[in-house]
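# Chain and residue survey
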Amino acid sequence: MKVITGFHSIEERVNVFVKEKEKTQKISPLVKDCKICFDKTGPRVKKILESAKKAGITCEKTDGAALDQMVKGLPEVLQDHRGIVMTLSGEEKSRDPVDFDSWLKQAGQKNKLTVVILDKVTDPHNVGAIIRSCDQFGADLVILPEHNSVSNIFENEVIGRTSAGASAWVPVSIVNNLVRITEQLKQAGFWIYGADAGGETCGKIDFADKSVIIMGSEGSGISPLLEKQCDSIVSIPTCGKIDSLNVSVAAGVLLYELYRRKMQ
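Everything in this summary refers to the structure shown in the same document. (Residues numbered from 1 in each chain as written. Predicted model: local features only at pLDDT ≥ 70, side-chain atom pairs only at ≥ 80, totals over all residues. Heavy atoms only, no water.)

With that settled, the discussion passes to the overall build of the chain. Helix and strand content of the chain: 9 helices and 10 strands. Looking at the chain as a whole, 47% of its 264 residues are labelled buried. With the model as given, the accessible surface of the chain reaches about 13,500 Å², and the carbon-plus-sulfur share is 49%. (Helix = DSSP H or I, 4+ residues; strand = E, 2+ residues; numbered from the N terminus. Buried < 20%, exposed > 50% of the residue type's maximum accessible area, 1.4 Å probe, protein only. Areas by Shrake-Rupley, 256 points an atom, 1.4 Å probe, with all protein chains shown as cover.)

Relative orientation of the contacting elements helix α1 (residues 7-24) and helix α2 (residues 43-55) amounts to 25°, with a least axis distance of 8 Å. Our classification of the angle between α1 and α2 gives roughly parallel. Note on packing geometry: the crossing formed by α1 with α2 is left-handed. Taken together, the residues of α2 that come into contact with α1 (itself represented by F7, H8, I10, E11, V14, N15, F17, V18 and K21) are R44, V45, K47, I48, S51, A52, K54 and A55. Here the residues of the contact of α1 with α2 are counted per class, giving 9 nonpolar, 3 polar and 5 charged. (Axes fitted to C-alpha atoms, helices over the stretch in contact; angles between N-to-C directions. Parallel < 35°, antiparallel > 145°, perpendicular 65-115°, else oblique. Left-handed = near helix turned anticlockwise from the far one by under 90°. Contact = heavy atoms within 4.5 Å. Nonpolar A, V, L, I, M, F, W, Y, C, P; charged D, E, K, R; others polar.)

Taking 1.5 Å per residue, 13 residues should reach 18 Å; helix α5 (residues 124-136) reaches 18 Å between its end C-alpha atoms and fits that length. Considered for burial, the residues of α5 that qualify are N126, V127, G128, I130, I131, S133 and C134. One side-chain oxygen of the residue at the start of α5 lies 2.8 Å from the amide nitrogen of H125, identifying that residue as D123. G138 lies just past α5 and shows a positive phi near 70°. (Expected span 1.5 Å × (residues − 1). Polar contact = N/O pair within 3.5 Å; in protein donor to acceptor, adjacent residues only side chain to side chain.)

Here it is, written out as structure tokens:
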């Protein structure tokens, strides 16, 4: 059984089922494996319960001790249930990864797209924060390598909680080879931008309508082979005393810059 905590994570998973019901006029078959247990009925919990009832999810009143027992096996950061817990039985997953080749075929029909590639970003808190920025600033796809990353994103509740539920909405693709994927994106008309402190200031770059932002690990940055695929290296001007921004903060700044220009 999978246990989910956090208002945002639970609320967004419930909303996925609500949207599916509104679209198909049928209750999702996965709902039968879901259950929400609660012991408090504050405003946030009431809102979640109302949405859960719309989706057909079973809601059960219990006590704090029972909820404490349910979250006992979770990482410490997830044990703060705040009076509500969602359980998923069996092999249920919130979503499946996006098939990259299928996505790329459909991408040809759009004029403006933003893709984020995370190269060796292994901290689930950073991945979650980046996905939250992707949701807020309209990124169309996040790409993660199958190895050397948090590729089990769909089972990682730290990501779900850090992203404030955005991981239920942002399309994510898990791929075997980032270099090959980047080559395919270039052939499809995307311009590739690698984020690095030694690059050209982002304010001076005329970002393409179809842009890919590659974020590397905080330790070693972008892989050399992947960096060779970049059309430009972009940096964020700062005035602090330390070397660089956290990778999730840097991703948020660059995504905002692209979003701001798209809206002009």
